[in-house]
Amino acid sequence: MTTILVTGGTGTLGRHLTERLRAAGHEVRVLSRHAQPYAVDLREGGSGLDAAVTGVDTVVHCATSPRGGDEKAARNLVAAARRAGVGHLVYISIVGVDRVPYGYYTSKLAVERLIEDSGIGWTVLRATQFHDLVLTVLQGLAKLPIMLLPARVKDQPVDVTEVADRLAELAQGAPAGRVDDMGGPEVRTFDSLARAYLKATGRRRAVVKVPLRGAAYRAFREGLHLAPEHAVGKGTFDEFLAKRAGARVVRR
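None of the values given here were measured: they were computed from a predicted structure. (Residues numbered from 1 in each chain as written. Predicted model: local features only at pLDDT ≥ 70, side-chain atom pairs only at ≥ 80, totals over all residues. Heavy atoms only, no water.)

Draft legend 1. The overall build of the protein chain, seen in detail. Within the protein chain, the secondary structure is distributed over nine helices and 10 strands. Overall, the C-alpha framework of the protein chain stretches about 55 × 40 × 30 Å when taken along its three principal axes. Across the 252 residues that make up the protein chain, the buried fraction comes to 50%. For the protein chain, restricting intrachain contacts to residue pairs at least 6 apart in sequence, the fraction spanning at least 24 positions comes to 80%. One way to put it: in the protein chain the 36 positive side-chain charges average out to a point 9 Å from where the 26 negative ones average out. (Helix = DSSP H or I, 4+ residues; strand = E, 2+ residues; numbered from the N terminus. Buried < 20%, exposed > 50% of the residue type's maximum accessible area, 1.4 Å probe, protein only. Contact = heavy atoms within 4.5 Å. Lys, Arg positive; Asp, Glu negative; His and termini not counted. Charge placed at Lys NZ, Arg CZ, Asp CG, Glu CD.)

Below, the structure written as structure tokens:
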């Protein structure tokens, strides 16, 4: 068994990944800003990061922030991994980061490049959006009496536990480079996802589709963030909602 460091190990994906790696018998270290004993802000780096990677065979980099700083964090992580002699660096990215001119996607692509050029054996998996993220977006949109949705946009949400399964498999294997993308089982309009959410939560909202402008919107409208040829996920968004509706989705 090996020693594996999971950055962002307390997050939506990281928690599930950590559970799977430990169940497989590996020693797993969880790195996040607040998780002891490896409470580290990757954007700052320092001795705490060096201690976290010392003696580690594989690093799975799940930590990310839409508010920025991912590239700086990756540079610090790569430098520390080099110093520690880490043999395998695994990164979870997003389908379409090389095709959609959206700031967060551009940053994720830059991190991919840093990892590929690190001199460390690497694996990159791109996945479509998690069910959890789509739910969070819809919950925010439903706070108003009218749900305003981007017109003619589709999504292909995937269950985070299935991504964790795949990432755990990759982390336990040899460096594989860029592996096949991982998409959810269904490509659906954002409108249909919103209506499924409203039905599952018993809410009533008028749904209005709004055309937007800009290169990023055009790319999303063209489906450049989708992977219909890699629809390998099993759990659907409706099944995800059914599990959440009784216990965790708050009715409003």
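And the narrative resumes.
Draft legend 2. Just the pattern of salt bridges, in detail. In the structure shown here, the tally under the stated rule is 15 salt bridges. A salt bridge links Asp132 to Arg244, with the shortest nitrogen-to-oxygen separation between them at 2.7 Å. With Asp132 in helix H5 (residues 131–141) and Arg244 in helix H9 (residues 237–245), this residue pair connects regions lying 112 residues apart in the sequence. The class for Asp132 is buried, based on a relative accessible area of 15%. With a relative accessible area of 16%, Arg244 lands in the buried category. The closest approach of N and O atoms between Glu169 and Arg166, which form a salt bridge, is 3.1 Å. Taken together, the positions of Glu169 and Arg166, both in helix H6 (residues 160–171) and three residues apart, correspond to about one turn of that helix. By sharing partners, the salt bridges in this structure join Asp98, Glu112, Arg113, Glu116 and Arg126 into a single network. (Salt bridge = Lys/Arg side-chain N within 4 Å of Asp/Glu carboxyl O.)

Draft legend 3. The arrangement of the environment of Ala174 in detail. As for its placement among the helices and strands, Ala174 is situated in the loop between H6 and strand S8 (177–178). The exposure class of Ala174 is exposed, given its relative accessible area of 59%. When the C-alpha positions of Ala174 and Gly87 are compared, they lie 9.1 Å apart, and in sequence the two are 87 residues distant. Here Ala174 is in contact with His88 and Thr123, once residues within four sequence places are set aside.

Draft legend 4. Molecular detail of helix H4 (residues 103–116). In a regular helix each residue adds 1.5 Å, so 14 residues correspond to 20 Å; H4 covers 20 Å between its end C-alpha atoms and thus fits that length. Here H4 has its buried residues at Tyr104, Tyr105, Ser107, Lys108, Leu109, Val111, Glu112 and Ile115. Lining the buried residues of H4 we find strand S3 (58–61), helix H3 (70–84), strand S4 (88–94), strand S5 (121–127) and helix H8 (215–221). (Expected span 1.5 Å × (residues − 1).)

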